[in-house]
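The primary structure of each chain is shown beneath.
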Amino acid sequence: MSTEQREGHGYDELRDEGWRRLLAAARRRLERTGGALDGDIGLTSPSEAERRTVIGITGRYRPETAKRLAVPLSDLDGYLYGRYGTGLLQTLGRLHGPLRDRPAERAEEEARRDDALKSAHSSRLAGQGWFAAWLDRIAADGTLTRLVRRGDAPLLDAAVRVLERLTGDGDRSAGSPKRVPGVLPLPVLAEWATGDTKALVPGAPLEQLVLRALAQRTGDGTEVPPDRAGRRALWESAGAIADDLASQVLVLNIGARGDTVVCDWLRDAAGFGIPFRLTLHQLATDPVVPAARTIFVCENPAVLRAAAGELRSASRVAALVCTEGVPSAACHKLLGDAVRAGARLHWRADFDWAGLRITANAMARHGARPWRMTTADYTAALGKGGSTPLAGPPAASPWDPGLALAMEASGSTVMEERLLPALLSDLTRV
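Residues numbered from 1 in each chain as written. Predicted model: local features only at pLDDT ≥ 70, side-chain atom pairs only at ≥ 80, totals over all residues. Heavy atoms only, no water.

**A closer look at the pattern of salt bridges**
Under the definition given, this model contains 24 salt bridges. A salt bridge links Arg-27 to Glu-31, with the shortest nitrogen-to-oxygen separation between them at 3.6 Å. Note that Arg-27 and Glu-31 are positioned in helix H2 (residues 17–33) at a spacing of 4 residues, about one turn of the helix. In terms of burial, Arg-27 and Glu-31 fall into one category: buried. Where Arg-52 meets Glu-48, a salt bridge forms, and the shortest distance between an N and an O atom there is 2.9 Å. Of this pair, Arg-52 and Glu-48 are both found in helix H3 (residues 48–58), 4 residues apart, which corresponds to roughly one turn of the helix. Using a relative accessible area of 34% as the deciding quantity, one classes Glu-48 as partly exposed. By sharing partners, the salt bridges in this structure join Glu-48, Arg-51, Arg-52 and Glu-64 into a single network. (Salt bridge = Lys/Arg side-chain N within 4 Å of Asp/Glu carboxyl O. Helix = DSSP H or I, 4+ residues; strand = E, 2+ residues; numbered from the N terminus. Buried < 20%, exposed > 50% of the residue type's maximum accessible area, 1.4 Å probe, protein only.)

This is the structure:
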């Protein structure tokens, strides 16, 4: 055998039609089995050139009518070694590069997955149901596997660090991001967790991981909202801020104590009965202490709009804050500051599962009192018109357990606008 053949330069015939499919099939089989030379490979609907090649390798005649030709890998290995001085594995490596050891790759990949999950399960959040469900979900749907294959497995640890910071006491070490009351900007959080201020921008893998966990935690579903407002609300549910100008709260007749510009605006708006929007940026940079000692909270802007209309005829209308769905960080900051200054909150939301969660959270977070959120209120309003079906995972009503049971039994939502006459009566009676 020539030196040229032994160095791999004499394989021209192996690139011909008679060999191409055969060697490709051999490569697939060997990569799948970790290089084992047992068993055989087959060619379906072989060409004449392939039939002649197989006859030459095996030394056995195959008729032209054969629909499938089988070649033992050991025969192919022996043929190549005898002709070129290189067995099947070495020949394939010289022709098209080293073979992959897929069983070893799978084992290594599984080990990296297990290591990533083991690290995540060591978190102090591991005992919480939403956290465990999030990990189970990303392990089952291929998310974790894709991270491992891209070399992004460390992002899972980063996501856990972010979640620990947002949903618990967080890291109190010197490097932990300091929170302005009610505000934790995402770039600051991202830089702390990864060293990259853009790691939590919309669409980034880390942002997706964390938002999926927060969606699991809120109980409103396991999918990340596709719209910017929904994603912002998820961040704000955990006290993180994507944009402190976009986070706003709608108020009516709040008034304020203080000599700041924002306090002046609020007093003027209250004096003229004008609804007013506050941004989180304003609340964080120009602190506001609401003057009202009693504040009512509703979910839908239609209620606040109707209350603003009442200011034209009523001698007085109570201070009212509208959450416009899930309360924003701006809303929580304003009301938290009000409670710390001695105000009492009367809170309500729609009679749906999200509304029950919002109200229960307000009671736990701000010591709010439910406002017309009883079983009797729901039952009375239910009989006054058609309703849409309840959707999403059920929620509890700890202030009135019978309410959640009544809602589940009827399967119907009641929007708070249906209670508008009673709500306006409450607001004008104070």
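**A few points about the packing of aromatic side chains**
Centre distance and the angle of the planes are the two values used to describe a pair of aromatic rings. Enumeration according to the criterion identifies 7 aromatic pairs in this entry. Both rings, one in Trp-265 and one in Phe-276, keep their centres 6.3 Å apart while their planes meet at 50°; by these two values the pair is tilted. Of this pair, Trp-265 sits in helix H13 (residues 261–272) while Phe-276 sits in strand E4 (residues 276–279); the two residues are 11 residues apart in sequence, bridging distant segments of the chain. Residues Phe-351 and Tyr-378 carry aromatic rings whose centres are separated by 5.4 Å and whose planes lie at 65° to one another, so their mutual orientation is edge-to-face. One end of the pair, Phe-351, is in the loop between strand E7 (344–347) and helix H17 (353–366); the other, Tyr-378, is in helix H18 (residues 375–382), and 27 residues separate them in sequence. Judged by its relative accessible area of 0%, Phe-351 falls in the buried class. The cationic tip of Arg-161 hangs over the ring face of Trp-192; the distance from NZ or CZ to the ring centre is 4.5 Å. Seen from the ring of Phe-351, Arg-348 lies directly overhead, with NZ or CZ sitting 5.2 Å from the centre. (Phe/Tyr/Trp six-rings, centres within 6.5 Å; stacked < 30°, edge-to-face > 60°. Lys NZ or Arg CZ within 6 Å of the ring centre and 35° of its normal.)

**A look at the layout of surface pockets**
By volume, the largest pocket is sized at about 810 Å³. Taken together, 33 residues line the largest pocket, and the ones lying closest to its centre are Ala-233, Leu-234, Ser-237, Val-326 and Pro-327. When contributions to the lining of the largest pocket are tallied by element, the ones reaching two or more residues are helix H11 (205–218), helix H12 (228–237) and H17. In terms of residue count, H12 provides more of the lining of the largest pocket than any other element does, 7 residues in total. The class makeup of the residues in the lining of the largest pocket is 11 nonpolar, 13 polar and 9 charged. What the second largest pocket holds in volume is close to 320 Å³. (1 Å grid on protein atoms, 1.4 Å probe; cavity = no way out; pocket = protein on both sides within 12 Å on 5 of 7 lines; lining within 4 Å. Points joined across faces, edges and corners; volume = space filled by probe spheres on them. Nonpolar A, V, L, I, M, F, W, Y, C, P; charged D, E, K, R; others polar.)

**A closer look at the environment of Leu-186**
Counting through the fold element by element, Leu-186 comes out in helix H10 (residues 186–194). Along the sequence, Leu-186 and Lys-198 sit 12 residues apart, while their C-alpha atoms lie 8.6 Å from each other. Leaving out residues up to four positions away in the same chain, Leu-186 has contacts with Leu-200, Trp-235, Ala-240, Ile-241 and Ala-242. (Contact = heavy atoms within 4.5 Å.)

**Examining the environment of Ala-319**
Among the structural elements, Ala-319 can be located in strand E6 (residues 319–322). A residue is classified by how much of its surface remains accessible, and Ala-319, at 5% relative accessible area, is buried. Remark: the alpha-carbon pair of Ala-319 and Phe-296, spanning 23 residues in sequence, is separated by 6.2 Å.

**What about helix H4 (residues 73–84)?**
Taking 1.5 Å as the rise per residue, H4 with 12 residues should run 16 Å; its terminal C-alpha atoms sit 16 Å apart, in good agreement. Taken together, the buried positions of H4 are Leu-73, Leu-76, Leu-80 and Tyr-84. Projected down its long axis, H4 carries its buried residues within an arc of 60°, all on one side. Of the exposed residues in H4, the ones pointing more than 90 degrees away from its buried face are Tyr-81 and Gly-82. Where H4 terminates, the next one or two residues include Gly-85, which has phi positive at roughly 80°. (Expected span 1.5 Å × (residues − 1). Arc of directions from axis to C-beta.)

**Observations concerning the confidence of the model for the protein**
As a general rule, the predicted coordinates of low-pLDDT regions are not to be interpreted in detail. When pLDDT is averaged across the protein, the result is 88; 92% of the residues are at 70 or more. Element-level mean pLDDT values for the protein span from 43 in helix H1 (residues 3–6) up to 98 in strand E8 (residues 369–370). (pLDDT = per-residue confidence, 0-100.)

**A closer look at unusual backbone geometry**
Unlike most non-glycine residues, Ser-45 shows phi in positive territory, near 45°. Looking at the secondary structure, you find Ser-45 in the loop between strand E1 (40–44) and H3. Residues other than glycine seldom take positive phi values, yet Arg-372 does so here, at roughly 50°. Within the secondary structure, Arg-372 is located in the loop between E8 and H18. Judged by its relative accessible area of 29%, Arg-372 falls in the partly exposed class.

**Comments concerning the packing of H11 against H12**
Each packed pair of helices is defined by two parameters, the angle between the axes and the distance between the axes. Interhelical geometry of H11 versus H12 gives an angle of 70° and a closest axis separation of 10 Å. The orientation of H11 with respect to H12, classified from their angle, is roughly perpendicular. Residues Glu-207, Gln-208, Val-210, Leu-211, Leu-214, Ala-215, Arg-217 and Thr-218 of H11 form the contact with H12, whose own contacting residues are Arg-231, Leu-234, Trp-235 and Ser-237. Among the residues forming the contact of H11 with H12, the class breakdown is 6 nonpolar, 3 polar and 3 charged. (Axes fitted to C-alpha atoms, helices over the stretch in contact; angles between N-to-C directions. Parallel < 35°, antiparallel > 145°, perpendicular 65-115°, else oblique.)

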